[in-house]
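Each chain, written out:
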Amino acid sequence: MSVFELLGMSAGMLALFVAFGVLIGVLFGFFGMGGSFLVTPALLVMGYPSRVAVGSGLAFVFGTSVIATLKHRDLGQVDYKLGISMIIGTTVGLEVGKEIVLYLEELGLAGNIISVTYVLLLGGIGLFVTYEALKGGDGGGVSHDVDGDADIDADDIPELAKKIQSYSLPPMITLRGGVKVSLWMILLLAFATGLLSGFLGVGGGFIRMPALFYLIGVPVPIAVGTDLFEIMFSGGIGSFLYAQSGGVDLSIVAPLLAGSALGARVGSAATSIVDEDEIKIYFGLMLLLGALAVAVRQAGNYLGVGVLDYVSLALILGSALMVSGAVLYSAVKSMRAPSTAGSSTAD
């Protein structure tokens, strides 16, 4: 039996999924997101049921996050205390989100509501992150002390994060980067992103990564690495829950993971050499393009114009290619820059 027969798809579809996996792997490792955030709407456009699109997206997230987290661990960019704290709230949120999807599916409303939520969230967060990065505020500068830990400059902590850190609601925990925050704030953030993970079929990274920086004040590289560590658990739990109801299609997940194995490690390595402001700009653009793709598909469904489904799919694939290419270009440019350029990002 050939690999095509085993996976139940044509050679062209297999190659498409593998190539898509490579692109998403780069984005996933670089941003701490980008897996099912792109996979789920792509599968919806291809005509897969909502349950399969969401469940398979979560299964892909689980596999890719394991690969990317190992690389970030090697770079010292994972805060295990923060990650484990978030798993508690995320687990509860995942179950609630899954039940909402199953209920909406019974009503025949799941696909439309999930898509509209994607557009609102991706577009809103994308605009905010891009605006903040372009105006040059809250740069998230990081310095390194003698034991190698990253410390965030107090002047670079976003104002909202300072406000949240000021709430001294015990127990208080100290995170990597010198951030001290109430455990209850972390659990609340984890529940919210877990709810969205279960509802949208995403690892939650496109919300959690900016939330860790803008709401908690964690340095961007550590936010990315810790986010990926947490996604291992949310993706694993979420895919297990969906697999119980037949929502995971291994013929989709396997080729995507084969491609992402390489891309995730490349993207993870790039976070240590690309400037933080560039990371945030690329992140915002990725969300905006994803929101546009889902909006086009929804317009096609509403107007009954089938060709817009293919336009949406082209936007999804094109945005992944463009942004992952920009990430690799910035990484190569940074490696070729004089050594003084690298030291300036750590100031």
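Remember, predicted model here, so these are calculated numbers, not experimental data.

Reading the values: the criteria
Residues numbered from 1 in each chain as written. Predicted model: local features only at pLDDT ≥ 70, side-chain atom pairs only at ≥ 80, totals over all residues. Heavy atoms only, no water. Axes fitted to C-alpha atoms, helices over the stretch in contact; angles between N-to-C directions. Helix = DSSP H or I, 4+ residues; strand = E, 2+ residues; numbered from the N terminus. Parallel < 35°, antiparallel > 145°, perpendicular 65-115°, else oblique. Left-handed = near helix turned anticlockwise from the far one by under 90°. Contact = heavy atoms within 4.5 Å. Nonpolar A, V, L, I, M, F, W, Y, C, P; charged D, E, K, R; others polar. Phe/Tyr/Trp six-rings, centres within 6.5 Å; stacked < 30°, edge-to-face > 60°. Expected span 1.5 Å × (residues − 1). Bend = angle between axes of the 7 residues up to and from the residue. Buried < 20%, exposed > 50% of the residue type's maximum accessible area, 1.4 Å probe, protein only. Core = buried A, V, L, I, M, F, W, Y, C linked by side-chain atoms within 4.5 Å.

A. Local environment of the packing of helix 2 (residues 11-31) against helix 4 (residues 50-74). Taken N-terminus to C-terminus, the directions of helix 2 and helix 4 make an angle of 55°; their axes are 9 Å apart at the nearest point. As the angle between them shows, helix 2 and helix 4 are arranged oblique. For the pair helix 2 and helix 4, the crossing hand works out as right-handed. Residues Ile 24, Gly 25, Phe 28 and Gly 29 of helix 2 form the contact with helix 4, whose participating residues are Phe 60, Val 61, Thr 64, Ser 65, Ala 68 and His 72. Residues of the contact of helix 2 with helix 4, tallied by class, amount to five nonpolar, five polar and no charged.

B. Geometry of unusual backbone geometry. With an omega of 0°, the peptide bond between Pro 170 and Pro 171 qualifies as cis. When you line up the elements, Pro 171 lands in the loop between helix 7 (159-165) and strand 3 (172-175).

C. Here's a closer look at the packing of aromatic side chains. Under the counting rule described, the total for this entry stands at two aromatic pairs. Taking the centre distance of 5.2 Å and the plane angle of 85° together, the rings of Tyr 80 and Phe 229 count as edge-to-face. Taken together, the positions of Tyr 80 in helix 5 (residues 80-107) and Phe 229 in helix 10 (residues 220-243) put the pair 149 residues apart, joining distant regions of the chain.

D. The packing of helix 4 against helix 11 (residues 250-270), seen in detail. Helix 11 packs onto helix 4 with a crossing angle of 30° between their chain directions and a minimal axis gap of 9 Å. Viewed along their axes, helix 4 and helix 11 adopt a mutual orientation that is roughly parallel. Here the hand of the crossing between helix 4 and helix 11 comes out right-handed. Within the contact between the two elements, helix 4 uses Val 52, Ser 56, Ala 59, Phe 60, Gly 63, Thr 64, Ile 67, Ala 68, Leu 70, Lys 71, His 72 and Asp 74 and helix 11 uses Ile 252, Val 253, Leu 256, Leu 257, Ser 260, Ala 261, Ala 264, Arg 265, Ser 268 and Ala 269.

E. Up close: helix 11. In a regular helix each residue adds 1.5 Å, so 21 residues correspond to 30 Å; helix 11 covers 29 Å between its end C-alpha atoms and thus fits that length. A maximum bend of about 40° is found in helix 11 at Ser 260. Of all the positions in helix 11, only Ser 251, Ile 252, Val 253, Pro 255, Leu 256, Gly 259, Ser 260, Gly 263, Ala 264, Gly 267, Ser 268 and Ala 270 are classed as buried.

F. Geometry of the nonpolar core. Core analysis: the largest hydrophobic core is formed by 79 residues, its most contacted members being Phe 20, Phe 31 and Leu 175. Among the elements that take part in this core, helix 2 stands out by supplying nine residues, more than any other. Those residues in contact with Phe 31, other than ones at most four positions away along the chain, are Met 209, Val 224, Asp 227, Ile 279, Tyr 282, Phe 283, Val 323 and Val 327.

G. Spotlight on the environment of Gly 325. Among the structural elements, Gly 325 can be located in helix 13 (residues 307-336). Linking Gly 325 and Leu 23, residues 302 residues apart in sequence, is a C-alpha distance of 8.5 Å.

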